[in-house]
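# Coordinate inspection notes
The lines below spell out each chain.
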Amino acid sequence: MSGADIREFSRPMTGPALVPLIDAIEAGEKPVVAAIEGMALGGGLELALGCHYRIAHSKAQLGLPEVTLGLIPAAGGTQRLPRLIGFPAALDMIITGRRVSAGDALKLGIVDQVTERNAGEVAVAFARSVVDCPLVSRRLSTWPPLCPADLDNILQMALARAWQRGRGALAPVACVQAVQAARLPYSQGMQQEQKLMSMLFASPQARALQYCFFSQRAVGKWSMPNGACWDNSTARPIRKAAVIGLGTMGRGIAVCLVLAGIPVIAMETDEKQLEAARRVVMALLEKEVQKLAVGLHLGLIHFTLEQRYLREVDLVIEAVFEDLALKKQLFAELSSVCHPDTLLCTNTSQLDVDQLATATSRPDLVVGMHFFAPANKIKLLEVVFTSRSSPEAVATAMQLGKWLGKVSVAVANCPGFVGNRMLRPYVEQAGFLLEEGATPEQVDSALEHFGLAMGVFRMSDLSGLDVGWRVRKAAGLTGPGVPQGQLLQTQQGYRYSPLADLICQKGRLGQKTGCGWYLYEGPGGHMARPDPWVHAFLEEYRRVHGLQPRSIGQQEVLERCLFALINEGFRVLEDRIVMDPVALDVIYVLGYGWPAHTGGPMYYAGEVGLPRVLGRLEYYQRVHPDIPHLRPSALLRQLVAKGSPPIHKWMWHIEEGSSRL
Ligand SMILES: CCCCCC/C=C/CC(=O)SCCNC(=O)CCNC(=O)[C@H](O)C(C)(C)COP(=O)(O)OP(=O)(O)OC[C@H]1O[C@@H](n2cnc3c(N)ncnc32)[C@H](O)[C@@H]1OP(=O)(O)O
C-alpha cells in the first residue's frame, strides 16, 4: 500500500479516520498480523505499526515519505516508530522519508519476519501460531519511550540538521518536533503530532511539494510539437550500450548503465585514460554493491580502445570533450562503425544536437541524453530531440532514462536546451550585480537564503569558471579577437559583463585552482571563503569604469536573478521547447538545486503572482534598457492580461503556429 491517495489532499477527506482505526486494531483482543507484500508507505506503514505483528515479503519496501510531501506521518507513526526502533533510527527514517528494504526492516525491528513466500499466507499461519499469546506486549503505543541518555543532544542535532538541509522547508523540522513528543505519554504525543500535521496540511509548501510529486511523473507523458508522444511511440529494447569518452561524465553514465543491468562497452582512445576510468568505475560499482546489498555482475562492463566492439550495441552515448568539431567527427565515424539501427546519443550540455545529427547518415536516430554531474547521482536527464529525431528514438532514450532511475524530460534542441538556457540570464544578472556594488558572497547568501542549494558564484567555482568561459569564447563574446575591458562592455549590441572573463584570464578557475570568486584552502579545496583579492578587483573595475557602487538588497538580488530566469522559462514555452511548464520545474528542482518546497521556478512565479513578476521585470528593464533578458516575454504579458490562469492552463494561451519545430 503506497499510503494515502495524495490526490485526495486537495479535497475534503472521505472514509474512516486512520488514527482511531489503527488505535482500535491495536487495542483489540484478537491478534492482527500485517502482511506486507510490496510497499508499506506512509499511512500503510502506520497501519502496520498498529498491528500486533508484521510479516514482510523479502522484496517489500517500507517507509514514511510524508516529509517529501511537506507533511509528517499523521497516524501515529511519529509515536510508534521511536518506541519500536529507538529515536535515532526513527528520526532518520522520518526526516529523510527514505524507504528501507524488508531485510533492513527486520534488522531494525520493524518487522517480525521476512519471507520469500506469499506474505499473506505466511501471516495467516503466523496468526494461528500466536492466537493464545497475550497481546499486552504487542501494543506499541503502550511501550515506554526508549529515551537514551543523550536524547536531548540527539534531538538538537536532528533539529539543526533538519534546518540546514531543509533550506527553509518546514516539514523536516516538524518531523523532529513530532518525534520529540514521543517522550510523552502516547495520547499527549498524538496531540502534538496532530497539531503539527494540521499546521502543515494546507501549507503552501505542502501544496508545492505535492505538485513536484505529480510533476515528476507527468513529464513521463512526453510529447513533441509534431504530435509524437509517449503513448503513440514505441521504445526499442536496449540489450547492450556503449559509452564513448570516459571522463567524469562518461564514468558516471557507465555506472548507471551497469547498475541498471545493461551490458556496457566503455570506450576510450587513450590507454591511460582507459585504465584510470576502469579503476574509478569499478570502485564506484563495488561501493554501490555494498550499499545496495545487491548482486551485481561486474562483468557487464567491458573496457576497450577498439571501435569494432561498437558494432554489436543498440545505443551509444558519447561523452567526449565538449568540442563541436570533435563530436561531429566522432558521430561521422559512428555512423559507419555502428549497426544501421544503433541509436547515437550525445551527452553534450550545450552544443547543437542538430549539427551532430547532420554529421551522420541517420539523423532520425540521433538524440541528446544530457546527464547532470555526478551522472550516477543526479536524477535528471534532459532528452534532447531535433526536428529529425524519430519518435522511436525519443521514446527509447526516455525509457532508458527511466531504467537508469532518472526522471527523463523531453526537450527540443536549442542553445542550452532548457536548464542551461534558463541559467544564462540568471548568471548574467549576478555578474551585473557585482558591477553595481554587490560581492559574490552577498549574491550567494541571498540565493541560498531563498533555498537554492548553492549560490551562483559558489556553483560556478564548483563546476569550473573555464566551462562558461569556453562557451562565451565559442559564442564570440570574448577571447583574443574581442576588445576587452571597455566601459560596461557591450557585446553584440547589449550589456555584457567581462568580469568572469577577466577572472579566468588571471588563472582563477574556481575550486580546481584554489581560487575563483572565492578563496579555497588550495587547488581542489571546497571551503569557500570571501577573497579580499576579489573585493579589490571589483572595486578597481568599478573605479576604472566609473561605476558608482551602491548597496544592493536581498530582494533585488532575488528579483533580478530569479525573475530573469523565470522570464526565460516563459520564452522556452513560447518556443515550444517543452510542451508543459511542469517540465521546467522538474528540471530546476532535480538538476539545479531549486528548493522543491517552492515547487520550481514556474510554479513559484504563479505563487508570487504573475502581475508582480511582470511589474518587477518592467521596472528593472526601465532601469537597465540595455539588458534584453529583463524584457518581459510575450507569454508572461499574455497570461497577466488573461487574469493569470493556473499553471496547467498556461499552454492554452500560446498563439498557434509559434512552434519552432
Ligand atoms: C489532517 C490529517 C490528514 C491525514 C491524511 C494524510 C495521510 C498521509 C499519510 C500518507 O500516506 S501520505 C502518502 C504516502 N505515500 C507516498 O508518498 C507514496 C508515493 N508514491 C511513491 O512513492 C511511488 O509511487 C511508489 C509507490 C514507490 C511506486 O513508484 P513507481 O515508480 O512504481 O510508480 P509511480 O510512477 O511513482 O506511480 C505510478 C502512478 O501512481 C500514482 N501514485 C503513486 N503513489 C500515489 C499516491 N500515494 N497517491 C496518488 N497517486 C499515487 C503516480 O502519480 C503515478 O500516476 P500516473 O498517473 O501513472 O503518473
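Remember, predicted model here, so these are calculated numbers, not experimental data. (Residues numbered from 1 in each chain as written. Predicted model: local features only at pLDDT ≥ 70, side-chain atom pairs only at ≥ 80, totals over all residues. Heavy atoms only, no water.)

Here is the key point about a regular strand: its side chains alternate between the two faces of the sheet. For strand β12 (residues 366-371), the tally of buried residues reaches 6 of 6 residues, placing the bulk of the element in the interior. Residues V366, G368 and H370 line one face of β12 and the alternating positions V367, M369 and F371 line the opposite face, and both faces are buried. In the sheet, strand β11 (residues 343-346) pairs with β12 via 3 bridges, with the strands oriented parallel. When the sheet's bridge partners are listed, L344 is paired in β12 with V366. In this region the chain leaves β11, passes through helix α14 (residues 353-358) and returns to the parallel neighbour β12; the handedness of that crossover is right-handed. Two elements, β12 and strand β13 (residues 380-385), share 4 bridges in a ladder whose sense is antiparallel. Across the sheet, residue H370 finds its bridge partner in β13, namely E382. (Buried < 20%, exposed > 50% of the residue type's maximum accessible area, 1.4 Å probe, protein only. Helix = DSSP H or I, 4+ residues; strand = E, 2+ residues; numbered from the N terminus. Pairing = 2+ DSSP bridges. Right-handed = clockwise from strand over helix to strand, strands pointing away.)

Strands sit in the order β2-β4-β5 across an open sheet of 3 strands; the sheet is mixed. A single partner strand is all that each edge strand has here, and the edge strands are β2 (39-41) and β5 (99-101). Strand after strand, the sheet turns through a mean of 20 degrees between neighbouring axes, direction not considered. Here 3 bridges tie strand β4 (residues 61-63) to β5, and the two strands are oriented antiparallel to one another. Within β5, the position partnered with L62 by the bridge is V100. Of the strands in this sheet, β2 and β4 are in contact with helix α2 (residues 43-50), which crosses β2 at around 90 degrees. (Axes fitted to C-alpha atoms, helices over the stretch in contact; angles between N-to-C directions. Contact = heavy atoms within 4.5 Å.)

It is worth spelling out the UniProt feature "domain: 3-hydroxyacyl-CoA dehydrogenase C-terminal" (unreviewed entry) in the protein chain at this point. The residues that UniProt annotates with the feature "domain: 3-hydroxyacyl-CoA dehydrogenase C-terminal" (unreviewed entry) are residues 416-520 and 557-643. A helix fraction of 68% and a strand fraction of 0% characterise residues 557-643, whose end C-alpha atoms lie 27 Å from each other. (UniProt positions renumbered as here; feature names shortened; annotations may be inferred.)

Let's shift gears to the layout of surface pockets. In this structure, the second largest pocket encloses a volume near 370 Å³. What lines the second largest pocket is a set of 21 residues, among which Y211, P646, I647, H648 and K649 lie closest to the centre. Mapped onto the lining of the second largest pocket, the elements with two or more residues apiece are α10 (204-218), α23 (581-591) and α24 (601-608). For the lining of the second largest pocket, the element with the highest residue contribution is α24, accounting for 4 residues. Of the residues belonging to the lining of the second largest pocket, the class tally is 14 nonpolar, 4 polar and 3 charged. (1 Å grid on protein atoms, 1.4 Å probe; cavity = no way out; pocket = protein on both sides within 12 Å on 5 of 7 lines; lining within 4 Å. Points joined across faces, edges and corners; volume = space filled by probe spheres on them. Nonpolar A, V, L, I, M, F, W, Y, C, P; charged D, E, K, R; others polar.)

This part covers the packing of helix α16 (residues 419-436) against helix α17 (residues 440-450). Orientation of α16 relative to α17, taken along the N-to-C sense of each, is 135 degrees, at an axis distance of 9 Å. The pairing of α16 with α17 is recorded here as oblique in orientation. Crossing handedness for the pair α16 and α17: right-handed. Between α16, through Y426, A430, L433 and L434, and α17, the contact on the second element is made entirely by P440, V443 and L447. A class-by-class count of the residues in the contact of α16 with α17 yields 7 nonpolar, no polar and no charged. (Parallel < 35°, antiparallel > 145°, perpendicular 65-115°, else oblique. Left-handed = near helix turned anticlockwise from the far one by under 90°.)

We now examine the packing of aromatic side chains. With the rule as written, the count across this model stands at 14 aromatic pairs. Here Y53 and F126 contribute two aromatic rings whose centre-to-centre distance is 5.0 Å and whose plane-to-plane angle is 65 degrees, an arrangement assigned as edge-to-face. Taken together, the positions of Y53 in strand β3 (residues 53-57) and F126 in helix α6 (residues 119-129) put the pair 73 residues apart, joining distant regions of the chain. Considered together, Y53 and F126 belong to a single accessibility category, that of buried residues. Look at F450 and W594: their rings are 5.3 Å apart centre to centre, the planes differ by 75 degrees, and that puts the pair in the edge-to-face class. A residue pair is termed long-range when its members are at least 10 positions apart, and F450 in helix α17 and W594 in the loop between α23 and α24 qualify at 144 residues. The structure contains a cluster of three or more aromatic residues connected by ring pairs, namely F372, F450, Y588, Y592, W594 and Y604. The aromatic ring of F213 is capped on one face by R217, whose charged end is 3.6 Å from the ring centroid. In this structure, K473 is placed above the aromatic ring of W469, and the distance from its NZ or CZ to the ring centre is 3.6 Å. (Phe/Tyr/Trp six-rings, centres within 6.5 Å; stacked < 30°, edge-to-face > 60°. Lys NZ or Arg CZ within 6 Å of the ring centre and 35° of its normal.)

Looking at the protein chain as a whole, its pLDDT mean stands at 94, while 96% of the residues score no less than 70. Predicted confidence is poor over residues 656-661, with pLDDT under 50, and the contacts of this stretch with residues over four places away or in other chains come to 13 contacts. Listed scores for the predicted complex are pTM 0.95 and ipTM 0.94. (pLDDT = per-residue confidence, 0-100.)

On the surface, R99, R217, K221, K379 and K402 cluster together to form a positively charged patch. Topologically, K379 is positioned in the loop between β12 and β13. Overall, K379 belongs to the partly exposed group, its relative accessible area being 42%. (Patch = residues over 30% accessible without salt bridge, like charges linked within 9 Å, V, L, I, M, F, W, Y side chains within 5 Å. Areas by Shrake-Rupley, 256 points an atom, 1.4 Å probe, with all protein chains shown as cover. Salt bridge = Lys/Arg side-chain N within 4 Å of Asp/Glu carboxyl O. Lys, Arg positive; Asp, Glu negative; His and termini not counted. Charge placed at Lys NZ, Arg CZ, Asp CG, Glu CD.)

For the rest of this paragraph, the subject is the pattern of salt bridges. Side-chain pairs of opposite charge can arise whenever the charged atoms involved come near each other. The final tally for this structure, using the stated rule, is 35 salt bridges. Among the ionic pairs, R495 bridges to E436, the shortest N-O distance being 3.1 Å. Remark: E436 occurs in helix α16 and R495 occurs in strand β16 (residues 494-495); sequence separation between them is 59 residues. In this pair, the class of R495 matches that of E436, namely buried. For R550, the salt bridge goes to E436, with nearest N and O atoms at 2.7 Å. Within this pair, whereas R550 is found in the loop between α21 (532-544) and α22 (554-574), its partner E436 is found in helix α16, the two being separated by 114 residues in sequence.

What follows is about the environment of Q638. Residue placement: Q638 occurs in helix α26 (residues 634-641). Along the backbone, Q638 and I55 are 583 residues apart, and their C-alpha atoms lie at a distance of 57 Å.

Closest axis-to-axis distance for the α2/helix α3 (residues 77-85) pair is 10 Å, and the angle between their directions is 55 degrees. Relative to α3, α2 is oriented oblique. Seen along the crossing, α2 lies across α3 with a hand that is left-handed. Here α2 contributes E46, L49 and G50 to the contact with α3, which in turn contributes G77, R80, L81 and L84. Grouping the constituent residues of the contact of α2 with α3 by class yields 3 nonpolar, 2 polar and 2 charged.

Here we come to the nonpolar core. Among the nonpolar cores identified, the biggest contains 149 residues, and V443, L447, L562, F570 and L573 are the most heavily contacted of them. The element that contributes the greatest number of residues to this core is α22, accounting for 11 residues. Setting aside its immediate chain neighbours within four residues, L447 contacts Y426, L452, G455, V456, V557, L558, C561 and L562. (Core = buried A, V, L, I, M, F, W, Y, C linked by side-chain atoms within 4.5 Å.)

With that settled, consider the site of the ligand. The local shell around the ligand holds 22 residues, among which S2, A4, I6, G43 and R217 are the closest. Between I6 and the ligand, the recorded distance is 2.8 Å, taken from a backbone N or O atom to a nitrogen atom. When the ligand is considered free in solution it has 1,100 Å² of accessible area, and contact with the protein chains removes 68% of it. Mapped onto the shell around the ligand, the elements with two or more residues apiece are β2, α9 (186-201) and α10. Considering every element that reaches the shell around the ligand, the biggest residue donor is α10, with 3 residues. When its residues are assigned to classes, the shell around the ligand shows 12 nonpolar, 4 polar and 6 charged. (Near = heavy atom within 4 Å. Polar contact = N/O pair within 3.5 Å; in protein donor to acceptor, adjacent residues only side chain to side chain.)

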